[in-house]
Amino acid sequence: MNTGLRITTFAAALAATFGAAYGVGQGVGPVVADSPPKHEGEHTRPAPEGEKGGHGTPPAGGLQISEGGYTLDLRTPRVTAGEQADLRFTVRDADGRAVTAYQREHDKELHLIVASRDLVTYRHLHPTRAADGTWSTPVDLPRAGGYRVFADFTPAGKGAENLTLGADLAASGPYRARQLPPESGTARVDGYEVRLTGAPRPGKASELKLTVSRDGKPVTDLQPYLGAYGHLVALRSGDLAYLHVHPNGEPGDGTTSPGPDISFTATAPSSGAYRLFLDFKHDGKVHTAAFTVRAGGAAPESGTPEGHADDGHGH
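Just so it is clear, the structure is predicted and the values come from calculations on it, not from any experiment.

Asks: In this structure, what is going on with the overall build of the protein? I would like to understand it.
Replies: Within the protein, the regular secondary structure consists of zero helices and 20 strands. Counting over 315 residues, the protein shows a buried share of 55%. When the accessible surface of the protein is totalled, it reaches about 12,800 Å², and 48% of it is carbon and sulfur.

As structure tokens, then:
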């Protein structure tokens, strides 16, 4: 079985604070997003200072706007909560030129994820690129506050490495802080129940298995979505360190079944709370189940179901 695991590397830590209300023009912090996999081994760039774990531990990711000579130029740093807006951005090279050539990964040149700083709202978007290199996609964020935009891509060219760059996005409007949802091993979304077995471990690879059922019966006919039966994104609570985790196996490999189990391998860069977002496709629709887990602690109980990512998947 081909096991893919990609954890993108970032060096700078970001933190955001905001007051009791957001006015137009104010903003910090990020919301949630997802990006697609590439069935390769883990990247082995050096860990940033303060993020080095044990031998072979992948560093935290998703925390910087520039890496490897490329920069995420977010042209829409602010939107209004509850109103649809056109989110526009450009990826620029070391000379400041817009990048117009990319490698396709899981059917797309670039995957965009938007996540709220409180890890309640999550969007996995697939923007379109103009000839001049400008990317755009409609987005509607339900609540005021800080969000993070993640662009996951690989530039064209021999030996080019996959990158995930991050930038802050603010949604203006009345703001009310929300707590991280409690830990749970079960999530319910759109009539489906998804159970999580396993938990990420700091500095060690571990299996995360998610089992999908509906009306008490296992779902055994999941549909391929972006070349896999499921995509899992993990974000660390606090700084939104980004981990893109890939499934173990893929459709058509002769060993991977279309459900009810979807298996992943992941390594947490540190102990702490993480928010997991699973995208899966069934009956022609993409659904997102969300979990709160803790690395370095006990596995979550399969008790009260948590629900799903706030206000829909956002495709």
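Asks: How do you make sense of the pairing of strand β7 (residues 122–125) when you look at a structure like this?
Replies: For a regular strand, the rule is simple: side chains alternate between the two faces of the sheet. Side-chain alternation along β7 places Y122 and H124 on one buried face and R123 and L125 on a second face that is also buried. Where strand β6 (residues 110–116) meets β7, four bridges bridge the pair, whose relative direction is antiparallel. Its bridge partner being in β7, V114 is matched across the sheet by R123. Turn length for the β6-β7 hairpin, with the two strands adjacent in sequence and antiparallel, is five residues, and the turn residue L119 shows positive phi of about 65°.

Asks: Can you walk me through the layout of surface pockets in this structure?
Replies: Space inside the largest pocket adds up to approximately 160 Å³. Around the largest pocket sit 15 residues that line it, and N248, T256, D261, I262 and S263 are the ones nearest its centre. Looking at side-chain class alone, the lining of the largest pocket contains six nonpolar, eight polar and one charged residues.

Asks: I keep staring at empty space enclosed by the protein and nothing clicks. Help me out?
Replies: Gaps between atoms show up when a probe of the same size as a water molecule is rolled over them. Taken as a whole and assessed by the stated rule, the structure comprises two cavities of 30 Å³ or more. Approximately 60 Å³ is the volume attributed to the largest cavity. Looking at the lining of the largest cavity, its residues break down into four nonpolar, three polar and three charged. Lining the second largest cavity we find P200, L208, L232, A234, L243, V245, A266, T267, A268, Y274 and L276. Split into classes, the residues belonging to the lining of the second largest cavity amount to ten nonpolar, one polar and no charged.

Asks: What is the right way to look at unusual backbone geometry in this model?
Replies: Cis geometry marks the peptide bond from G259 to P260, where omega comes out at 5°. Its location among the elements puts P260 in the loop between β17 (242–245) and β18 (261–266). In the Ramachandran plot, H106 falls in the positive-phi region, its phi being about 50° despite a non-glycine side chain. Note on H106: relative accessible area 13%, which makes it buried. Of note in this structure, D107 is not a glycine but carries a positive phi near 75°. Along the chain, D107 falls in the loop between β5 (85–92) and β6.

Asks: Just to check I follow, could you spell out the pattern of salt bridges for this structure?
Replies: Two side chains carrying opposite charge are able to pair once their charged atoms lie near each other. Tallied over the full model, the rule gives 14 salt bridges. A salt bridge links R236 to D239, with the shortest nitrogen-to-oxygen separation between them at 2.6 Å. Owing to a relative accessible area of 8%, R236 belongs among the buried residues under this scheme. One connected set of salt bridges, linked through shared partners, spans D73, R75 and R92.

Asks: What am I meant to see in the environment of K217 here?
Replies: The topology assignment puts K217 in strand β15 (residues 217–218). In this structure K217 comes out as exposed when scored by relative accessible area, which is 59%. Sequence spacing of K217 and P260 is 43 residues, and the spatial spacing of their C-alpha atoms is 9.3 Å.

Asks: I keep staring at the sheet that holds strand β8 (residues 128–129) and nothing clicks. Help me out?
Replies: Each strand in a sheet pairs with its neighbour through backbone hydrogen bonds, running either in the same direction (parallel) or in the opposite one (antiparallel). Taken together, five strands build an open sheet; the order of strands is β2-β3-β5-β9-β8 and the sheet is antiparallel. Only two strands of the sheet have a single partner each, and these edge strands are β2 (66–67) and β8. Of the strand pairs in this sheet, β2 and strand β3 (residues 70–74) are connected by two bridges, and their pairing is antiparallel. Considered in β3, the bridge of E67 is made with Y70.

Thresholds applied
- In every chain, residue numbers begin from 1 and rise along the written sequence.
- This being a predicted model, a pLDDT of at least 70 is required before a residue's local features are given, and a value of 80 or more before pairs of side-chain atoms are given or counted; all residues contribute to the totals for chains, interfaces and linings.
- Values reported for side chains reflect all heavy atoms of the structure, with hydrogen atoms and water molecules removed beforehand.
- Under the DSSP-based scheme used, a helix requires at least four consecutive residues in state H or I and a strand at least two consecutive residues in state E, with every element numbered from the N terminus.
- Exposure classes here rest on a 1.4 Å probe applied to the protein chains alone. A residue is buried below 20% of its type maximum, exposed above 50%, and partly exposed in between.
- Here the Shrake-Rupley method, with its probe set to 1.4 Å, supplies the accessible areas, and only the displayed protein chains count as covering residues.
- Whether two strands pair comes down to DSSP finding at least two bridges between them.
- In this analysis the probe radius is 1.4 Å and the grid spacing 1 Å, with only protein atoms considered; a cavity is a set of points the probe fits into but cannot get out of, a pocket is an open set with protein on both sides within 12 Å along at least five of seven lines, and lining residues have an atom within 4 Å of a point.
- Grid points are joined across faces, edges and corners, and a volume is the space filled by probe spheres set on the points.
- The residue classification treats Ala, Val, Leu, Ile, Met, Phe, Trp, Tyr, Cys and Pro as nonpolar and Asp, Glu, Lys and Arg as charged. All others, Gly included, are polar.
- Any Lys or Arg side-chain nitrogen found within 4 Å of a carboxyl oxygen on Asp or Glu counts as a salt bridge.

Geometry only, nothing functional implied.
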